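# A closer look at the structure
What follows is each chain in one-letter form.
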Amino acid sequence: MKYSRQRESILQYLSATKCHPTAETVYQNIQAEYPNISLGTVYRNLTLLTELGKIKKITGVGCSDRFDGNISPHYHFICRECGAVLDLEMDELNHIDLLAAHNFDGRIDGHIAHFYGICPECINKNTKKQ
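Residues numbered from 1 in each chain as written. Predicted model: local features only at pLDDT ≥ 70, side-chain atom pairs only at ≥ 80, totals over all residues. Heavy atoms only, no water.

Mapped onto the secondary structure, Ala16 falls in helix H1 (residues 5–16). Sequence-wise, Ala16 and Val42 are 26 residues apart; in three dimensions their C-alpha atoms are separated by 17 Å. (Helix = DSSP H or I, 4+ residues; strand = E, 2+ residues; numbered from the N terminus.)

Right, here's the structure in full:
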């Protein structure tokens with residue numbers, strides 16, 4: 001893969017943030033450093049970085065995919081009210097691979113789990129409204 005300053009900047013941005021941004025948010029933040037970068041270039045680089053295993057793509061969050069620079073095994077919480085994506089601090093659930101494999105003739109290589117509900121910020125907002 002040929003080196004790209006723009007791609008490296010995208011990777012650095014994602015590695016430095018915990019907000020799990022959309023492609024549009026990445027674009028807005030990278031545009032300050034590279035004013036001529038196009039949204040298409042950001043999308044292509046996000047796709048490439050995902051395929052190379054340098055970042056994670058989180059799907060199933062409202063309308064837009066989100067991206068995570070933390071590629072270590074971890075789980076996400078998705079707020080049903082505001083759409084926030086948060087990292088969950090918890091032990092890995094590796095035993096579910098064994099449970100899934102129990103009645104399956106194929107090979108289980110891993111899993112992805114997202115947890116859904118209401119984030120603490122939205123709970124506090126709703127409590128204050130009452």
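The subject of this paragraph is the environment of Arg44. Among the structural elements, Arg44 can be located in helix H3 (residues 39–51). Along the primary structure Arg44 and His76 are separated by 32 residues, whereas in three dimensions their C-alpha atoms are 24 Å apart.

Glancing now at the sheet that holds strand E5 (residues 114–117). Spatially, E4-E3-E5 is the arrangement adopted by the three strands of the open sheet, whose pairing is mixed. A single partner strand is all that each edge strand has here, and the edge strands are strand E4 (85–88) and E5. Recorded for the sheet is a direction-independent mean angle of 30° between the axes of neighbouring strands. Two elements, strand E3 (residues 75–79) and E5, share four bridges in a ladder whose sense is parallel. Across the sheet, residue Ile78 finds its bridge partner in E5, namely Tyr116. (Pairing = 2+ DSSP bridges. Axes fitted to C-alpha atoms, helices over the stretch in contact; angles between N-to-C directions.)

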